[in-house]
Amino acid sequence: MKAATRVIKAGLPEKNQGAAFLAGPTFAGPYHLSGDPASSAYLYGRYHNPTWTAYEQAITELEGGAATIVYSSGMAAVAAMLGTTLKAGDKLVMSSDAYYTARLVANGFFATLGVEIQFAPTAGNAQKEHLVGAKLLWLESPSNPSLDVCDIALLAEAAHAVGALVVVDNTTPSCLGQQPLLLGADFSLSSDTKVTTGHSDLILGHVSVKDEALGDKLRTWRTQMGSIPGPMEVWLAHRSLATLDLRIERHAKNALAVAEFLATRPEVTGLRYPGLPHDPAYPIASRQMKFYGPVISFELANQSMAETFLKNCELLIEATSFGGLHTMAERRARWGGDKVSEGFIRLSVGCEDAEDLIADLTQALDKALS
Ligand SMILES: *Cc1c(COP(=O)(O)O)cnc(C)c1O
């Protein structure tokens, strides 16, 4: 079955006369439970929930894994990932352009615990040089917001050769855009807040695994630390997942059209989109990605030009996220943390009409120039 078919069916219960296709969320603290706990699949709401189970089955199928554990946020998934694989004295090799808050947690909380951290850039597979003695290799491809890519299969093989586990933060492409587990990674991690759910109405994350035993550790972490999602969020996510193929196809088509347009504007520099054939990321991206995703980055001359551009875009929402139906952008340097220029813009191209978007971007760039 093709992904476009699977994503619509994924995680739905068996056909049952008179039943809903995707039954609503189950809100439960405790479940009815008398006698031997082994007699019930559901014991207590912090342990498991049937709404999570359905969504996890759907994601597992799409990731091509053995199990998925859904968390209350992408960062809860990051914490579980680091917390279940690393202890004092272990070495973590992480991309220096990985998601800012993931780097903060690694270099803050986990460094304080005694984890050794080696950062190296995504571009040029630079982590490969630092794998000796590593316990965990942390990749993010394409990286956010700089949009470099690395060769996941090559790095996974090199990491496994020295006994390290491999996680890919797959948030930007989503499980339909790229399947890290099939490329050799042990874990595929995602903030489902972004393109996976796409409606900008929830915060959620997941980790998928190939090995059940690693999945058990991640599930135990969730149960014991309590980083559990609400059933309403998970149900909304499952509902939104069904349109992922439709959305991601439109995102990719629109993003390519917008990137091609931006490439014609002389005031735009540093344009990056992994789906542009002349982008340095393209040779690897075209081998390992099915869709190139919604995110483009580029630079304008300075802060004031970038802000004038953003203010004058009528179709674009200024927000710090990406992967939603609505086109969104921000001047990334307003946060600090990423090594980007003052005029650097991260643009997440939505599912609107591409001609409308390009017309709007044209008038906003013209105003920023005047
Ligand atoms: C947003 C994001 C996260 C964190 O996810 P939240 O759902 O905001 O907690 C992690 N990694 C990447 C690449 C992200 O974009």
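Further up the page is the structure itself.
These figures come from a predicted structure and were not determined experimentally.

1. Looking at the site of the ligand
Here is step 1 of the chain: Within the structure, the ligand sits among 14 residues, and M75, D169, S191, T193 and K194 are positioned closest to it.
Here is step 2 of the chain: M75 is positioned such that a nitrogen or oxygen atom in its backbone is 2.8 Å from an oxygen atom of the ligand.
Here is step 3 of the chain: In the environment of the ligand, an oxygen atom lies 3.2 Å from a nitrogen or oxygen atom belonging to the side chain of N144.
Here is step 4 of the chain: When the ligand is considered free in solution it has 380 Å² of accessible area, and contact with the protein chains removes 93% of it.

2. Brief notes about the sheet that holds strand β11 (residues 328-331)
Here is step 1 of the chain: The strand order across the open sheet formed by 5 strands is β8-β9-β12-β11-β10, and the pairing between neighbours is mixed. Pairing within the sheet leaves two strands with one partner each, and these edge strands are β8 (269-272) and β10 (317-318).
Here is step 2 of the chain: Contacts from helix α9 (residues 244-262) reach β8, β9 (295-299) and β12 (344-348) within the one sheet, and its direction differs from that of β9 by about 15 degrees.
Here is step 3 of the chain: Running at roughly 160 degrees to β11, helix α11 (residues 303-312) makes contact with β9, β10, β11 and β12 of the sheet.

3. Re the packing of helix α3 (residues 74-85) against helix α4 (residues 100-113)
Here is step 1 of the chain: One way to put it is that α3 packs onto α4 with a least axis distance of 10 Å and a crossing angle of 40 degrees. By the angle class used here, α3 and α4 are oblique. Read as a crossing pair, α3 and α4 show a hand that is right-handed. On α4, the residues touching M75, V78, A79, L82 and G83 of α3 are T101, A102, V105, A106 and F110.
Here is step 2 of the chain: Per-class residue counts for the contact of α3 with α4 are 8 nonpolar, 2 polar and no charged.

4. Some points on the pairing of strand β2 (residues 91-95)
Here is step 1 of the chain: Counting buried positions along β2 gives 5 out of 5 residues, so the element sits mostly inside the fold.
Here is step 2 of the chain: Alternating positions in β2 separate into two faces, K91, V93 and S95 on one and L92 and M94 on the other, with burial throughout.
Here is step 3 of the chain: Where β2 meets strand β3 (residues 116-120), 5 bridges bridge the pair, whose relative direction is parallel. Bridging across to β3, K91 finds its partner in E116.

5. Remarks on the sheet that holds strand β5 (residues 165-169)
Here is step 1 of the chain: Within the open sheet, the 7 strands sit side by side as β1-β7-β6-β5-β4-β2-β3. Their pairing is mixed. Of all the strands in the sheet, just β1 (67-71) and β3 have a single pairing partner and so form its edges. Neighbouring strand axes in the sheet, compared pairwise and without regard to direction, differ in orientation by 20 degrees on average.
Here is step 2 of the chain: Two elements, β2 and strand β4 (residues 136-140), share 3 bridges in a ladder whose sense is parallel.

6. Comments concerning unusual backbone geometry
Here is step 1 of the chain: In this structure, P142 follows S141 across a cis peptide bond, with omega equal to -5 degrees.
Here is step 2 of the chain: With respect to the helices and strands, P142 occurs in the loop between β4 and α5 (152-161).
Here is step 3 of the chain: Cis geometry marks the peptide bond from N144 to P145; its omega dihedral reads 5 degrees.
Here is step 4 of the chain: Notably, S174 is not glycine yet its phi reads approximately 70 degrees, a positive angle.
Here is step 5 of the chain: Relative to the helices and strands, S174 resides in helix α6 (residues 174-177).

7. Some remarks on the side chain of E330
Here is step 1 of the chain: With respect to the helices, strands and loops of the structure, E330 is situated in strand β11.
Here is step 2 of the chain: By relative accessible area, E330 is classed as buried at 1%.
Here is step 3 of the chain: Side chain to side chain, E330 and R334 meet in a polar contact 2.8 Å long.
Here is step 4 of the chain: In this structure, E330 is in contact with L310, A319, T320, W335, F344, I345 and R346, ignoring residues within four places of it in sequence.

8. Some points on the state of the cysteines
Here is step 1 of the chain: Using the criterion set out here, one finds 0 disulfides in the structure.
Here is step 2 of the chain: C175 provides the cysteine sulfur closest to C150, a residue in no disulfide bond, and the two sulfurs are 18 Å apart.
Here is step 3 of the chain: Taking relative accessible area as the criterion, C150 reaches 1% and is therefore assigned buried.
Here is step 4 of the chain: We note that C351 lacks a disulfide partner, and the nearest cysteine sulfur, in C175, lies 15 Å from it.
Here is step 5 of the chain: Judged by its relative accessible area of 17%, C351 is buried.

9. A word on the side chain of R103
Here is step 1 of the chain: Considering the arrangement of structural elements, one finds R103 in helix α4.
Here is step 2 of the chain: Residue class for R103 comes out buried when judged on its relative accessible area of 13%.
Here is step 3 of the chain: Of note is the side chain of R103, whose polar atom sits 3.4 Å from the backbone oxygen of S96.

10. Quick word on the packing of aromatic side chains
Here is step 1 of the chain: With the rule as written, the count across this model stands at 5 aromatic pairs.
Here is step 2 of the chain: Ring geometry for F109 versus F110: centroids 5.2 Å apart, planes at 80 degrees, classification edge-to-face.
Here is step 3 of the chain: A relative accessible area of 54% means that F109 is categorised as exposed.
Here is step 4 of the chain: Measuring from ring centre to ring centre gives 5.9 Å for F298 and F309, while their planes differ by 75 degrees; the resulting arrangement is edge-to-face. Remark: F309 occurs in helix α11 and F298 occurs in strand β9; sequence separation between them is 11 residues.

11. Brief notes about the nonpolar core
Here is step 1 of the chain: Among the nonpolar cores identified, the biggest contains 55 residues, and L262, I296, F298, F309, I345 and L347 are the most heavily contacted of them.
Here is step 2 of the chain: When residues in this core are grouped by element, the largest group, 8 residues, is from α9.
Here is step 3 of the chain: Residue assignment places this core across two domains, with domain 1 (3-241) and domain 2 (245-369) each supplying three or more.
Here is step 4 of the chain: Residues in contact with I345, not counting those within four places in the same chain, are I296, S297, F298, L300, A306, F309, L310, A329 and E330.
Here is step 5 of the chain: Core analysis: the next-biggest nonpolar cluster, separate from the first, contains 27 residues, M94, A106, F110 and W138 among them.

Cut-offs and rules
Residues numbered from 1 in each chain as written. Predicted model: local features only at pLDDT ≥ 70, side-chain atom pairs only at ≥ 80, totals over all residues. Heavy atoms only, no water. Near = heavy atom within 4 Å. Polar contact = N/O pair within 3.5 Å; in protein donor to acceptor, adjacent residues only side chain to side chain. Areas by Shrake-Rupley, 256 points an atom, 1.4 Å probe, with all protein chains shown as cover. Pairing = 2+ DSSP bridges. Helix = DSSP H or I, 4+ residues; strand = E, 2+ residues; numbered from the N terminus. Contact = heavy atoms within 4.5 Å. Axes fitted to C-alpha atoms, helices over the stretch in contact; angles between N-to-C directions. Parallel < 35°, antiparallel > 145°, perpendicular 65-115°, else oblique. Left-handed = near helix turned anticlockwise from the far one by under 90°. Nonpolar A, V, L, I, M, F, W, Y, C, P; charged D, E, K, R; others polar. Buried < 20%, exposed > 50% of the residue type's maximum accessible area, 1.4 Å probe, protein only. Disulfide = S-S within 2.5 Å. Phe/Tyr/Trp six-rings, centres within 6.5 Å; stacked < 30°, edge-to-face > 60°. Core = buried A, V, L, I, M, F, W, Y, C linked by side-chain atoms within 4.5 Å. Domains from an automatic or database assignment.

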